[in-house]
Amino acid sequence: MLTREPENAILSQASDWGVGFVAFSPLAQGLLTNRYLNGIPEGSRMTKSRFLNASVLTENILSGIQLLNDLAAQRGQSLAEMSLAWNLRRPEVTSVIVGASSVAQLECNLKGRENTVFTAEELQTIDDILATM
């Protein structure tokens, strides 16, 4: 969701060639989970990773994540579930690569497959939120 470049060229090429696309890090290193909704937890990836650091969690990003979380709740999903479903809604996306550190996280991620249908209004809301981030 946070990196939209593949939508423009890569996914249409995948469709044209009849091949699938596998999305890497669809949860944006954990940003699109409930992990950072209330700030940066002690010992989290953001405190020790070279790929994700505290400077990434700006007010705009945090506000956008909170709005996405609200939309996910309206859909009856967690933020992670909705984020994965958003990726999997496209027929060109055949899979997503997630990094689960527990069985509970994996089970949550798998629930993202259960509702990949979005209304036009939901997609517009997501686009509007992402445009502010």
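The structure reproduced in this document is the subject of the present report. Just so we're clear, the structure is a prediction, and the values are computed from it rather than from any experiment. (Residues numbered from 1 in each chain as written. Predicted model: local features only at pLDDT ≥ 70, side-chain atom pairs only at ≥ 80, totals over all residues. Heavy atoms only, no water.)

1. Thoughts on the layout of surface pockets
Its volume calculated, the largest pocket comes out at about 590 Å³. Lining the largest pocket are 25 residues, and of these Leu27, Gly30, Thr33, Gly99 and Gln105 lie nearest its centre. Broken down by secondary-structure element, the contributors of at least two residues to the lining of the largest pocket are α3 (45-48), α5 (79-88) and α6 (103-111). Here the lining of the largest pocket is built from residues that sort into 10 nonpolar, 12 polar and 3 charged. Every residue lining the second largest pocket is counted, 21 residues in all, and those nearest its centre are Met1, Thr3, Phe24, Ser25 and Pro26. Elements that contribute at least two residues to the lining of the second largest pocket include exactly α1 (5-8), β1 (21-24) and α5. Of the residues forming the lining of the second largest pocket, the biggest block, 3 residues, is contributed by β1. Grouping the amino acids of the lining of the second largest pocket by side-chain chemistry returns 13 nonpolar, 4 polar and 4 charged. (1 Å grid on protein atoms, 1.4 Å probe; cavity = no way out; pocket = protein on both sides within 12 Å on 5 of 7 lines; lining within 4 Å. Points joined across faces, edges and corners; volume = space filled by probe spheres on them. Helix = DSSP H or I, 4+ residues; strand = E, 2+ residues; numbered from the N terminus. Nonpolar A, V, L, I, M, F, W, Y, C, P; charged D, E, K, R; others polar.)

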